[in-house]
Each structure stands twice: as C-alpha cells, then as structure tokens.
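These are the residues of each chain, in order.
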Amino acid sequence: MRILLCGGAGYIGAHTYVVLVERGHDVVVADNFSNSSPGVLARLRQITGRPVPFQPLDLRDRDAVTGFFAHQAFDAVVHFAALKSVGESCERPLDYFHNNIGGTLNLLHGMREAGVDRLVFSSSATVYGDPERVPVREDARLQVTNPYGRTKLVMEELIGDLCRSDAGFHAANLRYFNPVGAHASGLIGEDPTGIPNNLMPYICQVAVGRRDRLSVYGADWPTVDGTGVRDYIHVMDLARAHADALDFLVRERRSLTVNLGTGQGVSVLQLVEAFAQAAARRIPYQVVARRPGDVAEVYADPSLAERTLGWRAELGIEAMCRDAWRWQSQNPQGYPMA
Ligand code: NAD
Ligand code: UDP
C-alpha cells in the first residue's frame, strides 16, 4: 500500500515508519516538526537503507492539506499528528482544540476529497480517565479529565460519525497505553523537548546525567507498592500493531477501536528497578506529593486486539528498559541538530 504518516517524524510515527517499510509498503512522512526534529529522517534512512519520502505539512493549513492530497494517491493514512502534553493542554486548551481537532478535520476533508478511505488514528487510554475497574476493556465508560484527553475522545466520536455516514470509509482507533522503549538499533527513540512529563524519558535523563533525580509522584496510592501503576508497551510492538490494523482495514472492510497494551501493570518503583538493572546504574529518586489529575492504576485488557488484529505484545519490561537506555546512552542530547 501507499501510506501517508501524518506526524510520522514523531516518536511513535518514526518507529511505525520502519515497520511499514519492512513490510514492503510505500510510505510518505508528513510533519511540521512542531514536536520533532528533522534529524530523525537521516536516522530512518540509515535504518531502512533508502531515502525517506518527506512532505513538510501543517495540518492546521486546510488549503495546504487539500492541495497535497490533490497531487498524491494514497491507500491509507496513519494519523499521529497531535500535541500531547496534558499539562500544556490545561494551560492552552484552544491551541489543543485547534491543532488536534481542527487539524484532524482538515485531514479528513483532504482524504475525502481525494477518495482516501482508510484511516488509522492514534487514540489513547486517556479516554478512560480514572477507570472503574482494571484491566480496562474497550467498552468501559469513557470520561476525560483534561483538554488533551477531550481532543482524543472528540476525534474518536467525529471519526465514528464519518464512518457511519459513509459505508466505504473505515477507521481503526488505536488506544495506546504507555509507549516506551526504542528501536533496537538505538538510532531512533523518544526525544522530548524540555523537561519530560512522562516517567520513562525522565528516568532516561536521570540515568544519563541530565537530571539529578526522579520525583516519584506519591507512594500512598492503593497499589502493590504505593506508587502509580501503568501498562508500559514497547514502541516496536505498538508500531507493529499499526501495520496489523492497516491489514485489518483492507481485509475486513470495517472499523474498529482497540486497546494496545500488554495487560501487565507495572508500578513506578518496579520500572525504576528494572531500568536500574538494564542500565547497570542507580536511579536516584525522592517521593513527592501526588501529581494533580493522576490516577492509581491503569492497564489494558488487550484481548480484543488479539482476536481482531491477531496482535499481542511480545516485548517485556526488560526489553523496554534496555532499548530505551541504548537510545539514550547513544544519544544523550537526543537527535543531533539538522
Ligand atoms: P510526538 O509529539 O513525538 O509525535 C507527533 C508528531 O506530530 C510530531 O512529529 C509533531 O511535530 C507532529 N505534529 C503535531 N501537530 C502537527 C500538525 N498540526 N501538523 C503536522 N504535524 C504535526 O508524539 P508521539 O508520542 O509520537 O504520539 C503520536 C500520537 O500518539 C499522538 O497523537 C499522541 O497524542 C498519541 N499518543 C501518544 C502517547 C504517548 O505516550 N507517547 C500515548 C497515547 C497516545
Ligand atoms: N510519574 C512519576 N514521576 C514522573 C513522571 C511520572 O512518578 O516524573 C508517575 C506518574 O505519577 C504515573 C506514572 O509515573 O503514576 C506514569 O506517568 P506518565 O506521565 O508516564 O504516564 P500517564 O500518567 O500519562 O499514564
């Protein structure tokens, strides 16, 4: 297939690019580099051994999006492009609505004009808010607690309406749990701008000496050791699920919404310990107050993904820590400046 990756220069998009090229697809990356570095393209070329077709594109520019589709033919779009910081979304909700919802509407418009009728959409476990029970199934109550989460839920709903209005348009909403890790080459990985919000990149930066110590947000949660529990999933497993979702859309000609997680809950201190083992270094930490809006425990029931996509996560927490550390230790400051 000829596939467009919107936001394909970002963390998950870059790893998915590698998997799709390995499966023989013809893949084009589009991005505005608002949260990524052009340096990723050279690394993707190094991994795949071929030039990376790239299109500068800002999804907020409707005319540019429509114009781009008018001159290109695609069988499917994988849509990663979004702003993703929960805290920032609380401070600047309109920017999030404009970029994530407005950008997606422009993309859907461009796809329809050009007759592209397969979409894989990056959703998130954030649509479950504070789940009533774990593991979380796809039919759990949906509730959002911040503007970022709302953009994901609204987009799932808008995409659902579009699918219902047009029997020929099919979408896969992939609800990612907590993506971590990196490609085994250590050439690509997560490269957050500024102070990392998420646990794994923060641990990586402590390990490499960029930060003094990790702040653990609360050790009084009702969990195995009092620290927050999440479902960490290796980004290469996640990337593979996108290829499987594209195959599903072609084969089944219907839409679906699935969780992508391992089904295993891991606490903050368990992840710190596993990382310390993998990197063979101490990770200094201190317990501080809970982070506002945090929840105790979230992990997936991933069985629907196995039944529908034939997909299950294969890489465990050791591989996630090992690969994250390889990337961080080989690239202490992230991607080189272009
Ligand atoms: P990322 O920020 O690394 O990648 C997103 C990419 O989209 C970036 O390269 C950015 O420059 C680009 N982009 C943003 N707005 C754009 C626009 N208007 N036009 C063109 N490009 C634009 O994030 P990621 O971690 O790779 O996440 C990918 C997707 O998965 C996002 O939609 C995110 O919300 C979702 N998601 C991520 C996580 C996670 O923890 N990483 C968890 C659940 C869901
Ligand atoms: N966390 C932490 N210190 C940090 C970042 C995160 O203790 O610097 C905890 C957080 O409270 C949660 C877990 O690590 O229990 C995962 O947080 P992350 O932000 O990575 O994912 P999310 O909460 O969005 O699922």
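Parameters and conventions
- Each chain carries its own residue numbering, running from 1 in the direction its sequence is written.
- All chains are assigned letters beginning with A, and all ligands numbers beginning with 1, in the order in which they are written.
- pLDDT decides what is reported in this predicted model: residues at 70 or higher carry local features, side-chain atom pairs at 80 or more are listed and counted, and totals for whole chains, interfaces and linings draw on all residues regardless.
- Excluded from the side-chain calculation are hydrogens and water; included are all heavy atoms of the structure.
- The cut-offs for exposure are 20% and 50% of the maximum accessible area for each residue type, with area from a 1.4 Å probe on protein chains only; residues under the lower value are buried, those over the upper are exposed, and the others partly exposed.
- Strands here are runs of E lasting at least two residues and helices are runs of H or I lasting at least four, both read from the DSSP assignment and numbered beginning at the N terminus.
- For two strands to be treated as a pair, DSSP must find no fewer than two bridges joining them.
- Handedness rule for crossovers: strands pointing away from the viewer, path from the first strand over the helix to the second running clockwise, crossover right-handed.
- Orientation is described by lines fitted to C-alpha atoms, with helices fitted over the stretch in contact, and by angles between N-to-C directions that extend from 0 to 180 degrees.
- Here is the rule for angles: anything less than 35 degrees is roughly parallel, anything more than 145 is roughly antiparallel, 65 through 115 is roughly perpendicular, and the remaining ranges are oblique.
- In this scheme the crossing of two helices becomes right-handed for a clockwise turn of the near helix relative to the far one and left-handed for an anticlockwise turn of less than a right angle.
- Here, two residues are considered to be in contact whenever any of their heavy atoms come within 4.5 Å of each other.
- The residue classification treats Ala, Val, Leu, Ile, Met, Phe, Trp, Tyr, Cys and Pro as nonpolar and Asp, Glu, Lys and Arg as charged. All others, Gly included, are polar.
- Near is defined per residue: the residue qualifies when any heavy atom it owns lies within 4 Å of the molecule or strand.
- Two N or O atoms count as a polar contact when they lie within 3.5 Å, although within protein this holds only if one can serve as hydrogen donor and the other as acceptor, and sequence-adjacent residues are included solely when both atoms are side-chain atoms.
- Residue-level accessible areas treat just the shown protein chains as cover; the underlying method is Shrake-Rupley with a 1.4 Å probe.
- In this description, a nonpolar core means a group of buried Ala, Val, Leu, Ile, Met, Phe, Trp, Tyr and Cys residues linked to one another through side-chain atoms lying within 4.5 Å.
- By this rule the span expected of a helix is its residue count minus one, scaled by 1.5 Å.
- The pairing test for Phe, Tyr and Trp rings, Trp by its six-membered ring, is centres within 6.5 Å, and the orientation test on the planes gives stacked under 30 degrees, edge-to-face over 60, and tilted for anything in between.

K.L.:
What is the right way to read the pairing of strand β5 (residues 118–124) from this model?
P.N.:
In terms of burial, β5 is a largely internal element, 6 of the 7 residues being buried. Alignment of strand β4 (residues 76–79) against β5, held across 3 bridges, turns out to be parallel. Directly across from V77, in β5, lies its bridge partner L119. Following the chain from β5 across helix α6 (residues 147–165) to the adjacent parallel strand β6 (residues 170–176), one finds a crossover that is right-handed.

K.L.:
I keep staring at the packing of helix α3 (residues 62–70) against helix α5 (residues 93–114) and nothing clicks. Help me out?
P.N.:
Any two packed helices are characterised by the angle at which their axes cross and by the distance between the axes. α5 packs onto α3 with a crossing angle of 30° between their chain directions and a minimal axis gap of 9 Å. Between α3 and α5, the angle is such that the two are roughly parallel. The hand of the α3/α5 crossing is right-handed. Contact with α3, carried on its side by R62, V65, T66 and F69, involves N106, L107, H109, G110, M111, E113 and A114 of α5 and no other residues of that element. Grouping the amino acids of the contact of α3 with α5 by side-chain chemistry returns 5 nonpolar, 4 polar and 2 charged.

K.L.:
What's the story with the side chain of S122 in this structure? I'm lost.
P.N.:
Assignment of secondary structure puts S122 in strand β5. Once residues lying within four places of it in the same chain are set aside, the contact partners of S122 are H79, F80, K152, L174 and Y176.

K.L.:
Even after reading the chapter, I still don't get the site of ligand 1, so can you show me in this structure?
P.N.:
Within the structure, ligand 1 sits among 27 residues, and D31, N35, S36, Y148 and K152 are positioned closest to it. Between ligand 1 and the protein, one listed contact pairs a nitrogen atom with a side-chain N or O atom of N32 at 3.2 Å. When the free accessible area of ligand 1 is taken as 820 Å², the share hidden by the protein chains comes to 95%. With 3 residues, β5 is the largest single contributor of residues to the shell around ligand 1. Per-class residue counts for the shell around ligand 1 are 13 nonpolar, 10 polar and 4 charged.

K.L.:
Looking at this structure, I do not really get the site of ligand 2. What am I missing?
P.N.:
Taken together, 14 residues lie around ligand 2, and L199, S215, R230, R291 and D294 are the ones closest in. Take R291: an N or O atom from its side chain is 2.9 Å from an oxygen atom of ligand 2. If ligand 2 stood free it would expose 520 Å²; the protein chains cover 88% of that surface. Considering each element in turn, the shell around ligand 2 owes the most residues, 4 residues, to strand β8 (residues 214–217). Along the lines of polarity and charge, the residues of the shell around ligand 2 split into 6 nonpolar, 5 polar and 3 charged.

K.L.:
Is there a simple way to explain the sheet that holds β4 in this structure?
P.N.:
Consider a sheet: its strands pair through backbone hydrogen bonds, and that pairing is either parallel or antiparallel. Spatial strand order, β3-β2-β1-β4-β5-β6-β11: 7 strands in an open sheet with parallel pairing. The open sheet has two edge strands with one neighbour each: β3 (54–56) and β11 (256–260). Direction aside, neighbouring strands of the sheet carry axes that sit 20° apart on average. Lying on the sheet, α5 is in contact with β1 (2–6), β4 and β5; it crosses β4 at an angle near 175°.

K.L.:
Would you explain the nonpolar core in this entry?
P.N.:
Generally speaking, soluble globular proteins have nonpolar side chains that are buried together. Formed by 45 residues in total, the largest nonpolar core has its most connected members in L5, Y17, V40, L44, V120, L174 and L260. Among the elements that take part in this core, helix α8 (residues 235–252) stands out by supplying 10 residues, more than any other. When near neighbours in sequence (up to four residues on either side) are disregarded, Y17 contacts L5, V27, V29, L44, T48, P51, V52 and P53. Core analysis: the second largest hydrophobic core is formed by 25 residues, A207, V272, A324 and W325 among them.

K.L.:
Please explain α5 as it appears in this structure.
P.N.:
Turn by turn, an α-helix covers 3.6 residues, leaving residues three or four places apart pointing in a common direction. Here α5 spans 31 Å end to end across 22 residues, near enough to the 32 Å set by a 1.5 Å rise per residue. Of the residues making up α5, those classed as buried are Y96, N99, N100, I101, G103, T104, N106, L107, L108, G110 and M111. Residues of α5 that are buried make contact with β1, α3, β4, α4 (86–91), β5 and α6. G115 occupies a position one or two residues after α5 and carries a positive phi of about 75°.

K.L.:
Is there a simple way to think about the packing of aromatic side chains in this case?
P.N.:
Working definition: an aromatic ring pair is given by the centre-to-centre distance plus the angle between the planes. Here the structure, examined in full by the defined rule, presents 7 aromatic pairs. Taking the centre distance of 5.9 Å and the plane angle of 80° together, the rings of F275 and W325 count as edge-to-face. Here F275 is found in helix α9 (residues 268–279), whereas its partner W325 is found in helix α11 (residues 317–330), with 50 residues between them in sequence. Judged by relative accessible area, W325 falls into the buried class, the value being 12%. An angle of 50° between the planes, with centres 4.9 Å apart, marks the rings of W327 and Y335 as tilted.

K.L.:
Whenever I open this one, the environment of F80 confuses me. Can you help?
P.N.:
With respect to the helices, strands and loops of the structure, F80 is situated in the loop between β4 and α4. With 148 residues separating them along the chain, F80 and G228 place their C-alpha atoms 26 Å apart. What F80 contacts, discounting residues up to four positions off in sequence, is L5, C6, G7, G8, I12, G13, T16, S122, Y176 and H242.

K.L.:
Would you mind showing me how to read the side chain of H183 here?
P.N.:
Within the secondary structure layout, H183 lies in the loop between β7 (178–180) and α7 (199–207). Accessibility expressed as a relative area gives 12% for H183, which makes it buried. Apart from residues lying up to four places away in sequence, H183 is in contact with H15, V18, I47, I188 and M236.

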